[in-house]
Amino acid sequence: MGNIESLPVRSDLVGREPYGAPHLDVPVQLNVNENAYPIPDIVVEAMRAAVDTHLAGLNRYPDREFTTLREHLVDYLGGVNDRAGTAVDLSPEMIWAANGSNEVLSHIAQAFGGPGRTALGFTPSYSMHPLITTGTGAEWVHADRDDDYGLTAEAVAAEVARVDPDIVFLCTPNNPTGTSLGLDVIEAAYENCSGIVIVDEAYAEFSRPALPSAMTLLEGRPRLVVSRTMSKAFACAGLRLGYAIAAPELIDTLRLVRLPYHLSDVTQVLACTALEHADLLLGNVDRLIDSRNAISTRLAELGFTVHPSDSNFVLFGGIARPAELWQKLLDRGILIRDIGIPHHARVNAGTEAETTAFLSAIGDIVADDPATLLSNH
Ligand SMILES: *Cc1c(COP(=O)(O)O)cnc(C)c1O
């Protein structure tokens, strides 16, 4: 950053670092958990045709309440829904949408956080949760996950009761660990505070079918909100569309903090078209799960510690020097993520070719230098 002190910037922002995964133009990019497969041609054509019919009308503001998009999201969630196939009764008033689930989370934090308030999260988790919280002037408090990055209902209940937060962030499957939470953990958080409980389900579509969505808990829980995104399984990270599901009163409150017309007409029409082709866009989820499982199996064979993942990435440990491994992979045209957990790194499940390239490169690196692996981990 430049000389920020020379500007009359908010004192609580001085010294902070912006969010930023390194963006490097290399052949194999496995660092930001996108869907590795491009949008299928049929969907590209449908998007082109749909946008075309809206272009002349761009002199007008878009639908502020994104009515058609809400209906499309209800159809999607009521139909394909989560991998557990649990049907949830939803209506358009229970749906919010914004430019990525990061904006959804920021709307929730603006409405329910702010100065003098507190948000609690269980780390390691998504680094944007504290940034979004403190951006509203609220205080961020974190508690540690257990050694295998899981969380029990008892631990969450005790921590939530102790902190009494205005907002609780739960992330399942969790980024960067890949671990999932049982519904009992979410219920425990809800029952032990009077604040908003956010369940960030950015990777829900990659979960084991036996793990139902927190959407199944919405009935009778007006302070619970589930956030999701089209950036990961849905293969639309560049579109910027995230959404939330909650009781109508909670959703309605978010209208107080959003900017007018926050969702452009182009975004709305592209998101609707994407949702109409959900089956095609989600068509590679099973292949990505296969890639993820292949990565887990092979990394364990090589001697790394592999954390079980319900997402489209794998967190692995037992790395002597993560920065060095990161660089050696980069030298071979492969970008993974050093997420700052000692002796760990995170890798995204790629296409079959990308996954093969990563596994053969890391195999060669370990063969060349067995000290890549931490001894006695
Ligand atoms: C990637 C990710 C998001 C999605 O962000 P978008 O703004 O929707 O692209 C949200 N939460 C978590 C935990 C993530 O990893």
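In the nomenclature of an unreviewed UniProt entry, the protein is known as Histidinol-phosphate aminotransferase of Brevibacterium casei S18. Comment text from UniProt for the protein, heading Sequence similarities (unreviewed entry), reads "Belongs to the class-II pyridoxal-phosphate-dependent aminotransferase family. Histidinol-phosphate aminotransferase subfamily." Here the protein is described in UniProt, under the heading Catalytic activity (unreviewed entry), as follows: "L-histidinol phosphate + 2-oxoglutarate = 3-(imidazol-4-yl)-2-oxopropyl phosphate + L-glutamate".

Asker: Whenever I open this one, the site of the ligand confuses me. Can you help?
Answerer: Around the ligand sit 13 residues, and of these S101, Y203, T229, S231 and K232 come closest. One of the backbone nitrogen or oxygen atoms of S101 is found 2.6 Å away from an oxygen atom of the ligand. D200 places a polar side-chain atom, nitrogen or oxygen, 2.7 Å from a nitrogen atom of the ligand. When the ligand sits alone it has 390 Å² of accessible area, and the protein chains cover 94% of it.

Asker: I would appreciate a short explanation of the side chain of N33 in the present structure.
Answerer: Take N33: it is sitting in the loop between β1 (28–29) and α1 (41–52). The buried category is assigned to N33, whose relative accessible area is 1%. Separated by 3.5 Å, the side chains of N33 and R346 make a polar contact. Setting aside chain neighbours within four positions, we find N33 in contact with N175, Y203, K232, N312, F313, R346 and N348.

Asker: I tried to follow the sheet that holds strand β8 (residues 242–246) on my own but got confused; where do I start?
Answerer: Strand-to-strand pairing in sheets goes through backbone hydrogen bonds, with the strands running parallel or antiparallel. Strand order in the open sheet formed by 7 strands is β2-β8-β7-β6-β5-β3-β4, with mixed pairing between adjacent strands. With one partner strand each, in any of the chains shown, β2 (95–98) and β4 (139–144) form the two edges of the open sheet. Neighbour-to-neighbour, the strand axes of the sheet open up by a mean angle of 25 degrees, direction not taken into account. Where helix α4 (residues 128–135) meets the sheet, its contacts fall on β3 (118–123), β4, β5 (167–171) and β6 (196–200), and the angle it forms with β4 comes to roughly 155 degrees.

Asker: Sorry, what's going on with unusual backbone geometry here?
Answerer: Phi is mostly negative for residues that are not glycine, and the peptide bonds are mostly trans. A cis geometry characterises the amide bond from T123 onward to P124, with omega recorded as 0 degrees. With respect to the helices, strands and loops of the structure, P124 is situated in the loop between β3 and α4. Geometrically, the link from T172 to P173 is a cis peptide bond, its omega value of -10 degrees lying close to zero. Here the phi dihedral of D164 falls at roughly 50 degrees; this positive angle occurs in a residue that is not glycine. Tracing the sequence through the fold places D164 in the loop between α5 (153–163) and β5. Even without being a glycine, H343 presents a positive backbone phi close to 65 degrees.

What counts, and at which threshold
Here the residue index of a chain counts from 1 through its sequence in written order. At least 70 in pLDDT is required for a residue's local features to be given in this predicted model, at least 80 for side-chain atom pairs to be given and counted, and no such filter applies to totals for whole chains, interfaces and linings, which use all residues. Excluded from the side-chain calculations are hydrogens and water; all other atoms, namely the structure's heavy atoms, are used. UniProt positions are given in the numbering used here, feature names are shortened, and annotations may be inferred rather than shown by experiment. Being near a molecule or strand, for a residue, comes down to having at least one heavy atom within 4 Å of it. Nitrogen and oxygen atoms within 3.5 Å of one another constitute a polar contact, given that in protein one can donate a hydrogen and the other can accept it, and given that sequence-neighbouring residues count only through two side-chain atoms. To be clear on the numbers: accessible area is Shrake-Rupley with a 1.4 Å probe, and residue cover counts the displayed protein chains and nothing else. Every helix listed is a DSSP run of H or I at least four residues long, and every strand listed is a run of E at least two residues long, numbered separately from the N terminus. Exposure is judged per residue with a 1.4 Å probe applied to protein chains only, and the accessible area is read against the type maximum: over 50% gives exposed, under 20% gives buried, and values in between give partly exposed. Residues are treated as being in contact if the distance between any of their heavy atoms lies within 4.5 Å. We treat two strands as partners when DSSP finds at least two bridges between them. Axes, fitted as lines to C-alpha atoms, cover a helix only where it is in contact. Angles between the N-to-C directions of the axes lie from 0 to 180 degrees.

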